[in-house]
Amino acid sequence: MPGWLTLATDGERAAAGVVPVTRGERPDYRFYTAAEVRDGPSITYAATARPLAEVQAEEVARIKAAAGAIITGRYPLTAQLNAQARAVELVEIGAGNWTAEQAAEAEGLRAMRAWINAVRAASNAGEAAVLACSTVEKIAEIPAIVWPE
């Protein structure tokens, strides 16, 4: 059963001296540490930038992990290894000796590799942007990576 505060009207809460608490926006924990500052019913945060090298290392690791998850989400590691093995077989056969089916298969393998390379390029660009920043504030302003479809 709900408590009295839940059921009371705004006027009843005010008469009892209960005032709503307002909270300011908490800084992003990836970039800042934050201390609560209480001023009556108002809570704000005093933000302090975390050490630049620490934030850069964490953001680069986060970007690499995201890229890896995107790649393995579409092509699990076993699929990538099988594709690599099949590509070796096709190379050994020689492009001039491929059947139409093998040529189509090779094209599919090229498309797979091109997509993986595009994801890696987006990851590399994101990592470079992070490492080029001279302040944590600049890292916080970097737009989200647009990953290939």
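Higher on the page you've got the structure.
Participant: Explain the overall build of the protein chain to me, and be specific about the residues and the numbers.
Facilitator: Scanning the protein chain from terminus to terminus reveals 6 helices and 3 strands. Taken from N to C terminus, the helices and strands of the protein chain fall in the order α-α-β-β-β-α-α-α-α. Over its C-alpha atoms the protein chain spans a radius of gyration of 27 Å, topping by over 25% the 15 Å that the globule rule assigns to 149 residues. For the protein chain, the spread of C-alpha atoms along the principal axes amounts to about 90 × 45 × 20 Å. Taken over 149 residues, the protein chain has a buried fraction of 22%.

Participant: Account for the pairing of strand 2 (residues 32-39), naming residues and giving values.
Facilitator: As judged from the 8 bridges shared by strand 2 and strand 3 (residues 42-49), these two strands associate in the antiparallel manner. In the strand pairing of strand 3, Ala35 is matched with Ala46. Hairpin remark: strand 2 followed by strand 3, antiparallel, with 2 residues in the connecting loop; positive phi at Gly40, about 65°.

Participant: Report on the packing of helix 3 (residues 52-74) against helix 5 (residues 100-132), specifying residues and quantitative values.
Facilitator: One way to put it is that helix 3 packs onto helix 5 with a least axis distance of 9 Å and a crossing angle of 170°. Taken together, the axes of helix 3 and helix 5 lie roughly antiparallel to each other. Residue-level inspection shows Gln56, Glu59, Val60, Ile63, Lys64, Ala67, Ile70, Ile71 and Arg74 of helix 3 in contact with helix 5, the latter providing Trp115, Ile116, Val119, Arg120, Ser123, Gly126, Glu127, Val130 and Leu131. Residues belonging to the contact of helix 3 with helix 5 are distributed by class as follows: 10 nonpolar, 3 polar and 5 charged.

Participant: Got a sec to walk through the packing of aromatic side chains? Specific residues and values, please.
Facilitator: One pass over the full model with this rule turns up 2 aromatic pairs. Consider the rings of Phe31 and Tyr32, whose centres lie 6.5 Å apart with planes at 80°: the pair is edge-to-face. With respect to class, Phe31 is no different from Tyr32; both count as buried. Above the plane of the ring of Trp115 lies Arg74, whose end atom (NZ or CZ) is 4.1 Å from the centre.

Participant: Mind laying out the pairing of strand 3, listing which residues take part and the relevant values?
Facilitator: A regular strand places its side chains so that they alternate between the two faces of the sheet. For strand 1 (residues 22-23) and strand 3, the ladder comprises 2 bridges, and the chain directions are parallel. When the bridges of strand 3 are listed, Thr22 appears paired with Ser42.

Participant: Lay out the pattern of salt bridges in plain terms, naming residues and giving numbers.
Facilitator: Evaluation of the coordinates by the stated rule reveals 11 salt bridges. Salt-bridge contacts for Glu54 lead to Arg50; the nearest nitrogen and oxygen are separated by 2.5 Å. Classification of Glu54 as partly exposed rests on a relative accessible area of 39%. Where Arg86 meets Glu105, a salt bridge forms, and the shortest distance between an N and an O atom there is 2.8 Å. In this pair, Arg86 sits in helix 4 (residues 77-93) while Glu105 sits in helix 5, placing the two residues 19 residues apart along the sequence. For Glu105, a relative accessible area of 30% translates into the label partly exposed. Where salt bridges share partners, they join Arg23, Glu36 and Arg38 into one cluster.

Cut-offs and rules
Residues numbered from 1 in each chain as written. Predicted model: local features only at pLDDT ≥ 70, side-chain atom pairs only at ≥ 80, totals over all residues. Heavy atoms only, no water. Helix = DSSP H or I, 4+ residues; strand = E, 2+ residues; numbered from the N terminus. Rg over C-alpha atoms; globule rule 2.2 N^0.38 Å. Buried < 20%, exposed > 50% of the residue type's maximum accessible area, 1.4 Å probe, protein only. Pairing = 2+ DSSP bridges. Axes fitted to C-alpha atoms, helices over the stretch in contact; angles between N-to-C directions. Parallel < 35°, antiparallel > 145°, perpendicular 65-115°, else oblique. Contact = heavy atoms within 4.5 Å. Nonpolar A, V, L, I, M, F, W, Y, C, P; charged D, E, K, R; others polar. Phe/Tyr/Trp six-rings, centres within 6.5 Å; stacked < 30°, edge-to-face > 60°. Lys NZ or Arg CZ within 6 Å of the ring centre and 35° of its normal. Salt bridge = Lys/Arg side-chain N within 4 Å of Asp/Glu carboxyl O.

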